[in-house]
Every structure is written in C-alpha cells, then in structure tokens.
2 protein chains.
Amino acid sequence: MHFETPLPLQSGAVLPAYELAFETYGTLNAERSNAVLVCHALNASHHVAGTWANGSVGWWDNLIGPGKPLDTDRFFVIGINNPGSCFGSTGPMHTNPATGRPWGSDFPVVTVEDWVDAQARLLDRLGINRLAAVLGGSLGGMQALAWSLRHPQRVRQVAAIATAPNLSAQNIAFNEVARRAIVTDPDFHGGHFYGHGVLPRRGLRVARMLGHITYLSDDTMEARFGRSLRAGDGAALAYTTQDIEFQIESYLRHQGDKFSEYFDANTYLLITRALDYFDPARAHGGDLARAFAAAGCEALGLRFLVVSFTTDWRFAPGRSREIVKALVDNRIAVNYAEIDAPHGHDAFLLDDARYHALVRAWFERLSGELDNRHV
Amino acid sequence: MHFETPLPLQSGAVLPAYELAFETYGTLNAERSNAVLVCHALNASHHVAGTWANGSVGWWDNLIGPGKPLDTDRFFVIGINNPGSCFGSTGPMHTNPATGRPWGSDFPVVTVEDWVDAQARLLDRLGINRLAAVLGGSLGGMQALAWSLRHPQRVRQVAAIATAPNLSAQNIAFNEVARRAIVTDPDFHGGHFYGHGVLPRRGLRVARMLGHITYLSDDTMEARFGRSLRAGDGAALAYTTQDIEFQIESYLRHQGDKFSEYFDANTYLLITRALDYFDPARAHGGDLARAFAAAGCEALGLRFLVVSFTTDWRFAPGRSREIVKALVDNRIAVNYAEIDAPHGHDAFLLDDARYHALVRAWFERLSGELDNRHV
C-alpha cells in the first residue's frame, strides 16, 4: 500500500512517501472488530502464516492459521512489514527521492514508535478503528507494548511474548558488536554499497553468527552440538585454526552464509537500533508504571498477555516480570506465564504445547467476548 | 630462555628451536621445593606481578607479591609466557626457520598440553623437579589441570580458578565468531599480514568487543553502564546507527581499539583454539574421573583448590563442580569454593576479600607443610 503523506519520526526527521507491505488472513467481520495485528522481529516480515507459491512458509505459521491458536477462522489477522526492513516495505535499498539513488545509510532512523504509527495508518486505510489484539514476540512484543502506550484507544488486548521493556547494557553490547562488524566491513562503503556492486557479507555473517548464539539457550546448543566434531566423534582432530573442527562452527557458518545472501546490511543497523532505542519508561523518569498510567490503559480496559521462557537469556523472564509489575501497579488486567522451555529466546517461534495452549485460550476468550457483543 | 631441542606437539607437528619468556619472584629455597608456576590466560604473559620500569603492572599483582595471598617472601613464583603468544615467547610473528619469513598462520597449532610440556622443560632448566603448586585462572586453570594429568609426579598442589574441564558448545561458538571476524578481515591476508604492512585491526576489534561481553556479568554491565548515554542521561538522543549513543558502546569500542593495537591476530586464533581443544576427558570416553585415575593423582597425594564465581557465565560454577566431582570420585583431596561475586568471569582477576583470603589460607597451609618437611 502506498502512502503519500510523509510520516513524522521520533528523531524529528520525516519519511517521505512510502510503501508498506502487508498480508491478511481470514475475514474482517461486519463490526470490523476482529482484527489482530501481528508485529515482526528482526529477521521477519508481513508473511506471518500460510505458504507462498515459492514454498515460503510464514514465520509464525505454527501459531496462526485456520484452527490454530490464533485462529484465522475467527480473526482477521494482519501481518505488516515495517519501514526500514528489507522484505517489501520502503527501506534503505529503495530510492531516496532527494537524490534519486538508494537511501543506504541515509535512510532515517526509525523507532518502534514510528513503526506503530505507520501500522496505525495502514489500519486507517483498512477501515479498522480498533484492533481486537496486537501480538508480537521479541522486538514484535515491543511494538505490541508501544501500541498500548501510543494508541491505547485503538487496541483491546495486547500480547507481548519473549520481550523486554528495554534492552539491557548486555543486549545493546551484542547489537553494537554486530553493527561494528558490518560497518567496518570494507564492502559496506559507509552504507552506500549498492552502487559498488558489492555486499558487506563478511560483516553480516559475523553479525548473524553472533545473533544465533543469543537466540539459543546454552543447554540447547550443548544438546544439539556439544563438542561433536564435524568429521564425526571418533575422528582424529584436524588441529586447525581457520577450518571447521566442531559441528557448532559448521552450523554457525552456514547460518551466517545464508543470512548474508538475503539480508540488507543497512536494515540490520536500523532494526538493531530500533531495539536499542525502545525504552517507553524513559519519558517517565524510568518508571514503566507511569508510562502505562499516562496512557490510561486501565481506564480504557486494556488487557495483556505476557509470556516469557525460562531459558531465554536474551530477554530473560525477569524482564517480562518488569512489564507485569508495571501493569499490576496500574491495576491493569494481565495474564502472565513463564514457560519452562529449553530452547532459549527462539522458544517464542516454536511449537511448545503449553505455550500454544495458553495463546489459544487467550484468543478463544477474546473471540467469545467479541461474539457476546454481537448479541 | 632458548631451547634447541624441538618440542613435539599434540598435533604431530614439532615446534623447532624456540624461546620462552619467563619472570621469577622470590627465592628458590635450598630444597628447591617452594616453586609455584603461574599460568596465563588469553591476554596475559609471564609478567604476573610487580611493576616494570615502563609502569606495566603484572596482571595478577593483587594476588602475588611480598605478603600477598601467594606470598613471594615464602614462594619462588614463576610466570611464563606460552609459545604462540605475542608477549615474548616464540610466536607467529617470529621467523619460521623453514622459510626465513614470519610464521604467520603456519605457526603450528599448540594445545594446553603442549604448553605444559614446554613449561616442564623450563623447570628442568631451572633445576626444579617438583612444583609446590601450579596456579592458573580461566585458560590458566586448564593448564593447572593439565599439569596434574600430564606430569602429576612433578606437582604437589593444583589451584584451578574460574575454569572448566572443556569448552561448551556456546564457548566454542563465541570463539568461532571472533575467529571469523579476524580471518575474514581483508587485512588478515590468510595470516601472512606481516609482510603487507597492515594489521587485521577490524577483526581484532570485533573479537575483543565480543570477548569483553563474555568476561563481564550481565549485572555488572548493567550497574556500570546500564542504558546511560554517552552525552549524559539528560541529553537528547542523537538517533544514529553508526555513531556512539550509549556508554556501553563507547566502552566496548575503546577496549577493541586498544587491543587491536598490541595483540597479534594469529595468536588470537591459536589461543582460542587451545581453549577449544582442551578436553582431557576425551581420551577416556568423556569421563574426567577416569582421566584423574589414569594419572594416578590420588596415589601421588595431589591436592586441589578449585574456585568458581557465581556470576561467571563463561565458565559457570557448574563447570567447576564437574572437576570437583571427578576429583572426589577418585578420593583426591580438593577444596572447593563458589565465591558470591558480581563481576562475572573477570572476578578471578579482581581483589575480592573472601576469594583472596581463601587463596592465602591455601598457600599458607602449603608453606607450613613445606616448612615442616625441613624439620
């Protein structure tokens, strides 16, 4: 969908005319009350469910679809790609109208709040005044939280999975290492590599390898790879510093290679920065409870689902509990579950029975409430 | 000290004639029974204590010196730099006699066991048949363990601090990301950058930044840096993807810059690989207890001190407990302490009162035992 009106950004800059890629599932009911917006994290898009003709399966297909926990027979689900991403919406690889060349690193810095504003404009166009729910995991969960704070009158319920009220110093540190790997790759050309016929693949590979470590729990990595040798556990050691010896090295290099072929380097910088900057409590003296109070979430009757995973060390359960505490301090209705799952941060994308049952029950209750309003 | 006899290595290769840099403190007694060998970790050397004329303070100076926990008024302390390092002993920046050019990435892969063998040769030259103790932290702790397994008749007591019986998949993964950053830096030139007048600084910076994250606890990083802005906490956000916004970024970049000026890239590969390869249980079906049994540590009366730190997530206390269990399974005497310290892996280098009191008591008892033998 094309938008002519420039989008004012948190930074003070504006995003001129832009496109948003989105995908919908199910049917918007007559009351236009059953819409659920699904927000994506770093390496994902509007393609949240279903399978494209090219075989591409939606990134949350195990959770969203007909008869699934977020049931598209009941809800009208909207997946949207955020500006600055590299999967369809306007991003750094597209033309900067001011120069006629790709934006590159001149693409404006976008924040979680900017994305939520862009999403709200899409809803305007779709004629949806109020969402039944907004759902997101990780960075997507931050967008869900931002909806409740920025447009609280436009959403009934908010599901924030495996997320945090802001990044810790360690989280920012990992992002910064990844960014330095990209920015110092000679093929980055200050973010204007598009015209040089090269891609900063070295930097992207390192960034992705590092990211992968933080997505998996220590235990999962140990169980899947341990100290197994690529040549087989009975094999003699090769004694090499540059070649692969252990299976975990082979796995990480493969992940890095794949990622560097399709992900945009400037998008990586923009999205990790959106993560770094997200901090809704900052404008309220660091007090998240005051942020929810200022938004009037309690008076508007918003209800929350917050889910964390025990082995997630990127956004540990303690970070979700900070969100829950701020909600409870405001007497805002919240269901909180800490799922005992071994998979680390990635657990939010996986098909865990207890987790999915919980999400299913939450949406079923919401669906029932919407039905009762019809009566 | 120069060694003409080639050193046979675990890989099957040999290190031809080589130099070992070492430093000693205190006085070897008449019985030659009071020698303590101190083994270094990744970024350290033979300069374990005292202050050089240039102001350089030994890396374990808070622990080692006259009247300190490892008291050089009582013990003859030896610090040694390992082959492959870049602080004095023969390493990849020195001349490969086969080519007349710097070794570079052709320097043979050295293991913890190889280092211990080189250290044993130094003791031969110094006329020390049996060490009172060997002491090391992190990778140095692995060398201390290797002493007990490889030359158990040559050491009375073993102190292994903040270490592990081998690296986990996650540990190897972090090492591999750092190595890829270095190896894919165009200035690495396949490890033969010395002749090109360049250094792979980009890769070294990324490697060091990443390393630093794993040395500090999440809590320490949060307490020291949190989300503080470099411009000051009241400052407006700069909204930048490539420049520094947060203090933690400034700190990490500074650490990376410093390191890249003095540390050798090939040494980084060699030392991280020595970490990866260390796994004394491997030759015993993965059973560390069998490794200690095969070495005869119990019959020889070896005694151990094992120390871990609660917030060390690089080598977590559970890894030290694996060592303790293998010792106890063999009825080998071991003192184990888990120090409740906030500083993460770096805690082993810091002046924590309980930790230092423990090390002091352990060495005082050892000193007393050596004195009693005089009587």
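This one's a predicted model, so the numbers in the text were calculated from it and none came from an experiment.

### Quick look at the interface of chain B and chain A
Thought 1: Taken together, the contact pairs 60 residues of chain B with 60 residues of chain A.
Thought 2: Carbon and sulfur atoms supply 61% of the area buried between chain B and chain A, which totals about 5100 Å² over both sides.
Thought 3: Summed over the three residues of chain B that lose the most area to chain A, namely B:Arg227, B:Tyr239 and B:Thr241, the buried surface amounts to 15% of that side.
Thought 4: On the surface where chain B and chain A come into contact, there are eight salt bridges.
Thought 5: Ionic pairing is found between A:Glu176 and B:Arg253, a salt bridge with its closest N-O pair at 2.7 Å.
Thought 6: Here chain B and chain A share 30 residue pairs in polar contact (both at pLDDT 80 or more) between them.
Thought 7: Secondary-structure elements contributing two or more residues to the side of chain B that touches chain A are helix 3 (169-183), helix 4 (201-215), helix 5 (218-224), helix 6 (247-262) and helix 7 (265-277) of chain B.
Thought 8: Residue contributions to the side of chain B that touches chain A peak at 11 residues, all from helix 3 of chain B.
Thought 9: Among the residues forming the side of chain B that touches chain A, the class breakdown is 31 nonpolar, 13 polar and 16 charged.

### Describing the sheet that holds strand 11 (residues 155-161) of chain B
Residue and element names in this part refer to chain B.
Thought 1: Strand order in this open sheet of seven strands is 5-9-6-10-11-12-13, and the pairing throughout is mixed. Sheet topology places strand 5 (22-25) and strand 13 (333-339) at the edges, where each strand pairs with a single neighbour. Neighbour-to-neighbour, the strand axes of the sheet open up by a mean angle of 15°, direction not taken into account.
Thought 2: Looking at chain direction, strand 6 (residues 35-39) and strand 9 (residues 76-80) are connected through four bridges and run parallel. What sits directly across from Leu37, in strand 9, is Ile78.
Thought 3: Contacting strand 5, strand 6, strand 9 and strand 10 (131-137), helix 1 (residues 112-126) runs over the sheet at an angle of about 135° to strand 9.

### Thoughts on helix 8 (residues 288-295) of chain A
Residue and element names in this part refer to chain A.
Thought 1: For helix 8, every residue scored as buried is listed here: Leu288, Ala289, Ala291, Phe292 and Ala295. Seen along its axis, helix 8 keeps its buried residues to an arc of 160°; they face one direction.
Thought 2: For helix 8, the side-chain oxygen to backbone nitrogen distance between the N-cap and Ala289 is 3.0 Å, and the N-cap itself is Asp287.
Thought 3: Positive phi appears at Gly296, one or two residues downstream of helix 8, with a value of about 75°.

### Points about the packing of helix 3 (residues 169-183) of chain A against helix 7 (residues 265-277) of chain A
Pairs of packed helices are described in terms of their axes, by the angle between the two and the distance that separates them.
All names here are of chain A.
Thought 1: As a packed pair, helix 3 and helix 7 sit with axes 10 Å apart at the nearest point and diverge in direction by 160°. Considered as vectors, helix 3 and helix 7 are oriented roughly antiparallel to each other. In terms of crossing hand, the pair formed by helix 3 and helix 7 is left-handed. Every residue of helix 7 that contacts helix 3 at Ile172, Asn175, Ala178, Arg179, Ile182 and Val183 is listed here: Ala265, Tyr268, Leu269, Thr272, Arg273, Leu275 and Asp276.
Thought 2: A per-class count over the contact of helix 3 with helix 7 returns eight nonpolar, two polar and three charged.

### Remarks on the packing of aromatic side chains
All names here are of chain A.
Thought 1: Throughout the structure, instances matching the rule amount to 44 aromatic pairs over all chains.
Thought 2: For the pair Trp103 and Phe107, a centre-to-centre distance of 5.4 Å together with 75° between the ring planes defines the contact as edge-to-face.
Thought 3: An aromatic cluster is defined as three or more aromatic residues linked by ring pairs; in this entry it consists of Phe87, Phe259, Tyr262, Phe263 and Tyr268.
Thought 4: A cation sits over an aromatic face here: Arg125 above Phe3, 4.3 Å from the ring centre.

### Points about the sheet that holds strand 6 (residues 35-39) of chain A
Residues and elements named next belong to chain A.
Thought 1: If you trace the seven strands from one edge of the open sheet to the other, you get 5-9-6-10-11-12-13, paired in mixed fashion. The sheet terminates laterally at strand 5 (22-25) and strand 13 (333-339), the two strands that pair on one side only. Going across the sheet, the axis of each strand differs from the next one's by a mean of 15°, ignoring polarity.
Thought 2: In the sheet, strand 11 (residues 155-161) pairs with strand 12 (residues 303-309) via five bridges, with the strands oriented parallel. Counted as the bridge partner of Ile161 is Val307 from strand 12.
Thought 3: Contacts from helix 1 (residues 112-126) reach strand 5, strand 6, strand 9 (76-80) and strand 10 (131-137) within the one sheet, and its direction differs from that of strand 9 by about 135°.

Rules of the game
- Within any chain, residue numbers begin from 1 and follow the written order of that chain's sequence.
- Written order determines the labels here, with chains lettered from A and ligands numbered from 1.
- Per-residue local features are limited, in this predicted model, to residues with pLDDT of at least 70; the limit for side-chain atom pairs, both in listing and counting, is 80 or more; totals at the level of whole chains, interfaces and linings are taken over all residues.
- Side-chain numbers come from the whole structure's heavy atoms, not from hydrogens or water.
- Here, residues are in contact when the closest pair of their heavy atoms is within 4.5 Å.
- What gets called buried area is simply the loss in accessible area from a 1.4 Å probe that two parts show on being joined, summed for both.
- We count a salt bridge whenever a side-chain nitrogen from Lys or Arg sits within 4 Å of a carboxyl oxygen from Asp or Glu.
- In protein, a polar contact requires one atom able to donate a hydrogen and another able to accept it; more generally it is a pair of N or O atoms within 3.5 Å, and residues adjacent in sequence count only if both atoms are side-chain atoms.
- Comment: elements are numbered from the N terminus, with helices defined as DSSP H or I runs of at least four residues and strands as E runs of at least two.
- Classification used: nonpolar for Ala, Val, Leu, Ile, Met, Phe, Trp, Tyr, Cys and Pro, charged for Asp, Glu, Lys and Arg, polar for all others including Gly.
- Paired strands, in this sense, are two strands between which DSSP finds at least two bridges.
- The convention used is that axes are lines fitted to C-alpha atoms, helices contributing only their stretch in contact, and that angles between N-to-C directions extend from 0 to 180 degrees.
- Think of it in three bands: residues with accessible area under 20% of the maximum for their type are buried, residues over 50% are exposed, and the middle band is partly exposed, with areas taken using a 1.4 Å probe on protein chains only.
- Starting at the helix axis, one direction is taken to each C-beta atom, and the arc is that of these directions.
- In this scheme, roughly parallel covers angles under 35 degrees and roughly antiparallel covers those over 145, while 65 to 115 is roughly perpendicular and the rest are oblique.
- Should the near helix be turned anticlockwise from the far one by less than a right angle, the crossing is termed left-handed; should it be turned clockwise, right-handed.
- Under the pairing criterion, centres of Phe, Tyr and Trp rings, with the six-membered ring standing for Trp, must be within 6.5 Å; the plane angle then separates stacked pairs below 30 degrees from edge-to-face pairs above 60, leaving the rest tilted.
- A positively charged side chain is recorded as over a ring if its NZ (Lys) or CZ (Arg) lies within 6 Å of the ring centre. The angle to the ring normal must also be within 35 degrees.

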